[in-house]
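# Chain and residue survey
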Amino acid sequence: PLALGLYTVNAVYGDTITMPCRLEVPDGLMFGKWKYEMPNGSPVFIAFRSSTKKNVQYDDVPDYKDRLSLSENYTLSIKNARISDEKRFVCMLVTEDDVSEEPTIVKVFKQPSQPEILHQADFLETEKLQMLGECVARDSYPEGNVTWYKNGRVLQPVEDVVVINLQKIVDKSTGLFTMTSSLQYMPTKEDANAKFSCIVTYYGPSGQKTIQSEPVVFDVHYPTEKVTIQVLSQSTVKEGDNITLKCSGNGNPPPQEFLFYIPGEAEGIRSSDTYVMADVRRNATGEYKCSLTDKSMMASTTITVHYLDLQLTPSGEVTKQIGEALPVSCTISSSRNATVFWIKDNTRMQTSPSFSSLQYQDAGNYICETTLQEVEGLKKRKTLKLIVEGKPQIKMTKKTNTNKMSKTIVCHVEGFPKPAVQWTVTGSGSIINKAKETKYVNGKFSSKIVIAPEENVTLTCIAENQLERTVTSLNVSAISIPEYDEPEDRNDDNSEKVNDQAKLIVGIVVGLLLAALVAGVVYWLYVKKSKTASKHVDKDLGNIEENKKLEENNHKSET
């Protein structure tokens, strides 16, 4: 390298400077010397080497004590390069007739430390110019330059927005520079999470280089521009639930207090960012609002508190008499359409119960249940325990068994509470204890006995419950005397079939009687017409004798 046409040696601070003597060794050389020039041009000799005695001498120069080394080829080495070593050094070769000189320029370079951002702001506020920090790079030679970056892009100075000041301080003892660049910055909301860094540019032996600081992110404070309100509880709210409202502002830091406006409350309620209402009722349905404490930037939401009411009329335990009417109504009041269904004795009913004439089979446990399918856990039910009471009703039947050796007498009983049945023999008053009872279903059951009477007998069936005592008797012929058997009423279907058959027989008989009556009337009219015709014939003929004969014949015919 050449500086102003001179040979230049570039050295690194702290390393060894090596300067060869660039002169050819002449014949008759006596000795070689090295010197450097002071700023005023005066020389300072620092090393001497004789070509004949081969000895080396170093001048007493404090800056170079114990640092110099002169080789046989007159190359000068300086250990632990310093900034003060930046001088013009001259190699001299001396003969008896001549002195040759060759200068060398020494340049020393020192890489600065990695820059650091010091005195960082705790946070930045929008719309305010403030000190962000200082970028410091130490111990550089020659002096370097500092550049600020945001998200990898150079920050250029902008009045009242980006203000950069660079200071360079030199250490007089070492000659090294420290560069300090301060940055004043007015941030915007978009600078949240922005990365700020600085880069120092310096020169080294091989040219220009850079070192970058670690990036720094600042907390940017900005005011709230929008308020939002949320319902933190479940998506649907029903009576008895708790409602938690949360109000948020998009500022940084976010607001810590808000005003909550509740339906029915004239003034806002001051609270933290959450407000809880416990065990809400249906009157809590409405619009909820929140705002900043200065009543600005308000947000709102609508909450519906779902409810479900069920009114069953009548309900509880109800006792009615058979044949009575019982109107039943299950009335629903709800916040939206509800599903209603009835259950009787653990079985779901297809239709709602309606009783125009109560029967024993209508008794049971009824449940009216309703749900809001879209609202989890909202279900209501009420029960009706229906008791159908009736006085005992008795019907007795008898039939001869197929073996012709006995007869079965049946006492068909209806009533509730279940009647107690007793059999007695009329006249003797004796009680029959060998009766068998069928299962009591829908207020009906049967009690039957099997007897083989040797003579005619009258049996009495007594049915009694809390309402009444009913007595019915039936005459039963001796087993030897034939009588018409009476079938038992097995069930309502059989009764209906028997009734239908009876109706058919009666219809046939009535039809036959009507046909006979019509035939008789027709015959009578025919006879009467014949008699009238005969009289007209008599008058026309005027024959008295013939008339008499005709009358006799007519009389015979009528007879």
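Just above sits the structure.
Residues numbered from 1 in each chain as written. Predicted model: local features only at pLDDT ≥ 70, side-chain atom pairs only at ≥ 80, totals over all residues. Heavy atoms only, no water.

Below, the discussion takes up the nonpolar core. Met19, Trp34, Ile46, Leu76 and Phe89 are the most contacted members of the largest nonpolar core, which has 51 residues in total. The residues that make up this core include at least three from each of domain 1 (8-109) and domain 2 (116-221). With residues near it in sequence (within four places) discarded, Phe89 still touches Met19, Trp34, Lys35, Tyr36, Ile46, Tyr64, Ile78, Glu102, Pro103, Thr104 and Val106. Ile229, Tyr275, Ala284 and Ile303 belong to the second-largest nonpolar core, a separate cluster that totals 19 residues. (Core = buried A, V, L, I, M, F, W, Y, C linked by side-chain atoms within 4.5 Å. Buried < 20%, exposed > 50% of the residue type's maximum accessible area, 1.4 Å probe, protein only. Domains from an automatic or database assignment. Contact = heavy atoms within 4.5 Å.)

Position of Gly152 among the secondary structure elements: in the loop between strand 14 (145-150) and strand 15 (153-154). Through-space distance from the C-alpha of Gly152 to that of Ala194 is 9.8 Å; in sequence the pair is 42 residues apart. (Helix = DSSP H or I, 4+ residues; strand = E, 2+ residues; numbered from the N terminus.)

Here the focus is the sheet that holds strand 39 (residues 420-425). Within a sheet, each strand pairs with its neighbour through backbone hydrogen bonds, oriented either parallel or antiparallel. With respect to topology, four strands assemble into an open sheet ordered 40-39-43-44, the strand pairing being antiparallel. At either end of the open sheet lies a strand with only one pairing partner, and these are strand 40 (431-432) and strand 44 (469-476). (Pairing = 2+ DSSP bridges.)

Overall, antiparallel pairing links the four strands, which are arranged 26-25-28-29 in an open sheet. Each end of this open sheet is capped by a strand with a single partner; those strands are strand 26 (269-271) and strand 29 (299-303). Strand-to-strand, the axes of this sheet are offset by a mean angle of 25°, without reference to chain direction. Pairing of strand 28 (residues 286-291) with strand 29 involves five bridges; the strand directions are antiparallel. Note that in strand 29 the partner of Gly286 across the bridge is Ile303. (Axes fitted to C-alpha atoms, helices over the stretch in contact; angles between N-to-C directions.)

So, about the state of the cysteines. According to the stated counting rule, one finds five disulfides in the structure shown. Note that Cys21 is cross-linked by a disulfide to Cys91, the S-S spacing being 1.9 Å. Across the S-S bond linking Cys21 and Cys91, the dihedral sits near -90°, which makes this disulfide left-handed. Placement of Cys21 in the loop between strand 3 (17-19) and strand 4 (29-37) and of Cys91 in strand 9 (residues 88-95) is noted, with a sequence separation of 70 residues between them. (Disulfide = S-S within 2.5 Å.)

Let us now look at the packing of aromatic side chains. Within this structure, the stated rule accounts for ten aromatic pairs. Pairing Tyr185 with Phe196 gives two aromatic rings, centres 5.3 Å apart and planes at 70°, and the pair type is edge-to-face. Here the residue Tyr185 occupies a position in strand 17 (residues 177-185), and Phe196 occupies one in strand 18 (residues 195-204), the gap between them amounting to eleven residues. Classification of Tyr185 as buried rests on a relative accessible area of 6%. Among the residues examined, Phe196 registers a relative accessible area of 1% and is labelled buried. When the centroid spacing of 5.6 Å and the interplanar angle of 20° are considered together, the rings of Phe260 and Tyr275 count as stacked. Note that Phe260 is positioned in strand 25 (residues 258-261) and Tyr275 in strand 27 (residues 274-277), a separation of 15 residues in sequence. Tyr275 shares its class with Phe260; the two are buried. (Phe/Tyr/Trp six-rings, centres within 6.5 Å; stacked < 30°, edge-to-face > 60°.)

The subject of this paragraph is the pattern of salt bridges. By the definition in use, this model includes 24 salt bridges. For Glu239, the salt bridge is made with Arg282, and the minimal N-O distance between the two is 2.9 Å. You can see Glu239 sitting in the loop between strand 23 (237-238) and strand 24 (243-249) and its partner Arg282 sitting in the loop between strand 27 and strand 28, a full 43 residues away along the chain. Judged by relative accessible area, which is 30%, Arg282 ranks as partly exposed. Across the salt bridge formed by Lys246 and Asp273, the nearest N and O atoms sit 2.8 Å from each other. Note that Lys246 is positioned in strand 24 and Asp273 in the loop between strand 26 and strand 27, a separation of 27 residues in sequence. Classification of Lys246 as partly exposed rests on a relative accessible area of 23%. (Salt bridge = Lys/Arg side-chain N within 4 Å of Asp/Glu carboxyl O.)

The next thing to look at is the environment of Gln230. With respect to the element layout, Gln230 can be found in strand 22 (residues 227-231). The partly exposed category is assigned to Gln230, whose relative accessible area is 40%. A sequence separation of 58 residues divides Gln230 from Tyr288, and the C-alpha atoms of the two residues are 9.8 Å apart.

Here we take up the side chain of Ser213. Here Ser213 lies in the loop between strand 19 (207-212) and strand 20 (216-217). Each residue touching Ser213, except ones within four places of it in the same chain, is listed here: Gln114, Pro115, Ile117, Ser197 and Cys198.

Moving on: unusual backbone geometry. Glycine aside, the phi torsion of most residues is negative, and most peptide linkages are trans. Here the residue pair Tyr141 and Pro142 is connected by a cis peptide bond, since its omega of -5° sits within 30 degrees of zero. Inspection of the secondary structure puts Pro142 in the loop between strand 13 (130-140) and strand 14. A cis amide bond links Asn252 to the next residue, Pro253, at an omega of -5°. Along the chain, the position of Pro253 falls in the loop between strand 24 and strand 25. Although it is not a glycine, Asn193 sits at a positive phi angle of roughly 70°. Residue placement: Asn193 occurs in the loop between strand 17 and strand 18. Look at Lys404: it is not a glycine, yet its phi comes out positive at around 60°.

The topology assignment puts Gly377 in the loop between strand 36 (364-371) and strand 37 (379-400). For Gly377 and Lys238, which are 139 residues apart along the polypeptide, the C-alpha to C-alpha distance reads 8.6 Å.

To continue, consider the pairing of strand 19. Where strand 18 lies against strand 19, six bridges are found, and the strand directions are antiparallel. Following the sheet pairing, Tyr203 is matched in strand 19 by Gln208. Linking strand 18 to strand 19, which pair antiparallel, is a turn of two residues.

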